[in-house]
Amino acid sequence: GAFLTQAKKDAARCALARLLSLHLKEDMPMEDLRTLISSARKRFGVPPNERLSETWENTSLQRVYEELLMSFLDVPEHNADELAMLVRLKEVLELDGIVAGNAHRHAAQLLVSKGYSGLEGEPMKIATDKLLFLSERIFAEEKPEEAARYEMGRLCAVLQLTKKEAIQRVREVSIELFGEDKTAGLDQDDASSSKFFRVRQELSERLRVIYNTACKDSRNKVEKALSSMDEMVEFAKTSEPVLSQLLADPAEATEVEGIKDPSLTLTADPLPGRRLYGIFFERAMEGKAPAGAASPEDFARLLELSEEDTEKARVELFQPRLKDLYESCIKKAEESEKPLAELKPEVSDSIAKFQLPYIAVEDSALEVYKFFIEELSGKVLKASEKDRLDKIRDFLELEKDSVRKMHLKAFASVYEHSVREALGRSGVIAAEAQEALVQLGDRLGLEEEDAKTIFYGVIEERIKEMMIPVRDAWEEATYTKEALLQLNKERGKDLGDDPTADGTGAELGIKDSPPLEGVRGFKLMEELSKVAEFYTQNKVLKEVPEPLDEDWAEAYPVQVGKWIEDKNKEEMFGIFAWNAITCQDTASREKWTKAKPIVGGILGLSPKMQKKVVVRMVSRWCNMFIKNKVMEQGELKKDDVAMLTDWAPMFFEIDKEVLQDLVKVANKSLLQNKVLKLLNKPSVAPEDLNALRAEVEEWDLKVATDLELSRPQLRSLFKVEITAVLEDDDLSDDQKFDGIDASREAFGLKEKEANAEMYDLIRSRCRASLVNASGDLLQENQAAAVEQMRKLEVLAAFGLSAGVEFRDDWEVASAMRQKLLQTYASGCKGKAPDMKMLESVLKLS
């Protein structure tokens, strides 16, 4: 119950610290922040303004304030914002002057102890100056002024500074930060109009004399020191009525406003104070204190020791004794052959008397257990030795998890050696040996997880060794003979030492497994199969149901990792997977197929990555198949496509869509080559283009997007296709426009772009017809000339309706153009030509 109560109080302090860390620097109104803090305190059972919460406030809230103050002292420079934040924290927590004074005094003690630990020079001076300045500013707000001077006096006493030195150092900081002296009259005469403060000062000085005597005697005259401590307690006790009477005097009301406790206390130095408290506590614990003597708690309050100080004093004094008590009880039980459990009450009573915190008790128990386990370190424990350790651990009330690291340090090498022995030369741990290893791990006190980690470490070493011939076999399967010889030379490998090699890369001798015909990398297959068998036979592979791609690694606790580059691992698995699929020998195929996922897992490849590697290998084969068929036949026939899209997915056990995409990519390349051939022809027939488009559509491809043609290439194809449309007499203008639009969309051209190409084509075709007609007429081939003029008329008529603007760039003389018109008019059969339109187009009107 007490432990849970303390845990709730500690949780309350942590909750407050978190709230303050989030909101203290913000501009949150003071009342809002106080409300948050009040709610947190209520939640953890220490609400404000309740008597039961006072002790918690005087310790936990003081510690929160003190931690902020100490954090400022750790910063090696002065900052005006620190004072504002400290004042805000004091107001938010509603700390009274006594609690704040105790916090500053304890901070001074910690600072002095840092000086003992090596903090010196300028950093120590800055920290001391900062503490003096912050303390003076905080105390200046307290009433009456004598209270502020009293707290500063206590601080100076701890820091071993005179009042004059303190005043000067505070002023220097004040001027540095604000450019002026903001001190609160510290150099005023100590003479006070308050009799209460004068008397308390005199009594404090007399009390310190007795305290100094006790400190001196505590080193070698304990009885005299105890006598001095009793005198201190009695002196403080007799002083209290005097101070109470002065505090109640109406004449002192103004001077002592805000002071409620008339108790006389002394600011003790940390180390001597803890030593005196320890002596005082030990006497009370042993029942040797005289009748009516003060309690250790009262003595601690007299010396102004915090709970942390008193706890540390008890730990320093009694932790070694508790350790000796543990050891003596164990020795006593073993000599008398009594059960250790019978001695537990004795130890429990002592722990209760010592008032040690749980962590100190556990540390003592661990030290004792460590002594006994180190006696057996590096040995295989007998059953009796294990039983003895278990009884000692139970007696010391230690959990297995607390001693886990000790057992690991003491017996890891023993277990590791046993695993190596169990593996032996065969590399396979027999079922009986595996059971024996489990029993050994339990006897050595190793957690199952730790035992497995050691086991996996040995397995990893062995797999590293086995991967060397795997690497060599992979290099033999993939490197050229020259590259392999160079590689062996760089490694300093002499093939003359290998009885299976003839010095040329060819293997000789008798082999356990003769290589299979048509299998590339047979040696690699055998070496990787050995690794997979080693893995499974030693039960390294965990039994997990169909591991997902995210957590597949749980099934493979030992992997190749970074010993081999990722690309090389994928290449190794690719060869293994390909041979496992394509091998013609049934026994080998079944063996390799079963090992395939295990090999992939050991190489560190997830199921998803293994599938990718297989697809990559199949892709290479498909590309080679397609390339060979195209070279032989000039195209892929339906049977070839069926083999790729129907047979191959079933044989290689991959998705049909994957191979369909591969075939589509391959055909895409073929079609691109056909397009280039068409464009390189002197003239392209519309039939050729129609056949190309039909073939493209057959593979569910689009000329405009899938063949990756450039814009000039697409425009060229567009012009080839619409030429036949433009020159077709049987098509109306609307039909021609429809045909042109369809062609434009098929080749992915924009309307403006297509129109520009069409206009240019109409003008060039009209010019070509006119030039041809001129040539025919000069050769006296009137019929041919009339036919060319008819084509010109068809093209020109459609061009005008489409918005083409004809220019006078016909490359034929005007007289010849006129003569051609006359010849066309006289020789045209059927529908009369539109002479007016032709004269306009040919610029003859």
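Use the structure listed above.
So, here is what we can say about the structure in this document. None of these values were measured; they are calculated from a predicted model.

Things to note about the packing of helix 13 (residues 307-336) against helix 16 (residues 383-395)
Between two packed helices, the angle of one axis relative to the other and the distance separating the axes together describe the packing.
And step 1. The interhelical angle for the contact between helix 13 and helix 16, taken along N-to-C directions, is 135°, at an axis separation of 11 Å. Judged by the angle between their axes, helix 13 and helix 16 are oblique. In this structure, helix 13 crosses over helix 16, and the sense of that crossing is right-handed. Seen from helix 13, the contacting residues are Tyr326, Cys329, Ile330 and Glu334; seen from helix 16, they are Arg388, Ile392 and Phe395.
And step 2. By residue class, the composition of the contact of helix 13 with helix 16 is 5 nonpolar, no polar and 2 charged.

Thoughts on the nonpolar core
And step 1. With 137 residues, the main nonpolar core has Met229, Leu303, Tyr326, Tyr369, Phe395, Leu396 and Tyr415 as its most contacted residues.
And step 2. Sort the elements by how many residues they give to this core and helix 19 (residues 448-478) lands first, with 12 residues.
And step 3. Not counting the four nearest positions on each side in its chain, leucine 303 is found in contact with Tyr211, Met232, Leu266, Thr267, Ala268, Gly273 and Leu276.
And step 4. One finds Ala40, Ala127, Val170 and Val173 within the second-largest nonpolar core, a separate group that totals 51 residues.

Some remarks on empty space enclosed by the protein
One simple way to see leftover space: roll a probe sized like a water molecule over the atoms.
And step 1. Using the criterion set out here, one finds 1 cavity of 30 Å³ or more in the structure.
And step 2. Looking at the largest cavity, its volume works out to about 40 Å³.
And step 3. In this structure, the largest cavity is lined by His78, Asn79, Glu82, Leu83, Lys130, Phe133, Leu134, Val173 and Leu177.
And step 4. Every element with two or more residues in the lining of the largest cavity is listed here: helix 4 (80-93), helix 6 (121-139) and helix 8 (163-178).
And step 5. The element contributing the most residues to the lining of the largest cavity is helix 6, with 3 residues.
And step 6. Class assignment of the residues belonging to the lining of the largest cavity gives a composition of 5 nonpolar, 2 polar and 2 charged.

A few points about helix 3 (residues 54-73)
And step 1. Between the first and last C-alpha of helix 3 there are 28 Å, a value that for 20 residues agrees with the 28 Å anticipated at 1.5 Å per step.
And step 2. Of the positions making up helix 3, those classed as buried are Trp56, Ser60, Leu61, Gln62, Val64, Tyr65, Glu66, Leu68, Leu69, Met70, Phe72 and Leu73.

Remarks on the pattern of salt bridges
And step 1. Applying the stated criterion across every chain yields a total of 43 salt bridges.
And step 2. Here glutamate 385 makes a salt bridge to lysine 379, at a shortest N to O gap of 3.5 Å.
And step 3. The shortest N-O distance in the salt bridge between glutamate 465 and arginine 462 comes to 3.9 Å. Of this pair, glutamate 465 and arginine 462 both sit in helix 19, 3 residues apart, roughly one helical turn.
And step 4. One salt-bridge network, held together by shared partners, links Arg711, Arg715, Lys719, Glu753, Glu757 and Asp760.

Parameters and conventions
- Residues numbered from 1 in each chain as written.
- Predicted model: local features only at pLDDT ≥ 70, side-chain atom pairs only at ≥ 80, totals over all residues.
- Heavy atoms only, no water.
- Axes fitted to C-alpha atoms, helices over the stretch in contact; angles between N-to-C directions.
- Helix = DSSP H or I, 4+ residues; strand = E, 2+ residues; numbered from the N terminus.
- Parallel < 35°, antiparallel > 145°, perpendicular 65-115°, else oblique.
- Left-handed = near helix turned anticlockwise from the far one by under 90°.
- Contact = heavy atoms within 4.5 Å.
- Nonpolar A, V, L, I, M, F, W, Y, C, P; charged D, E, K, R; others polar.
- Core = buried A, V, L, I, M, F, W, Y, C linked by side-chain atoms within 4.5 Å.
- Buried < 20%, exposed > 50% of the residue type's maximum accessible area, 1.4 Å probe, protein only.
- 1 Å grid on protein atoms, 1.4 Å probe; cavity = no way out; pocket = protein on both sides within 12 Å on 5 of 7 lines; lining within 4 Å.
- Points joined across faces, edges and corners; volume = space filled by probe spheres on them.
- Expected span 1.5 Å × (residues − 1).
- Salt bridge = Lys/Arg side-chain N within 4 Å of Asp/Glu carboxyl O.

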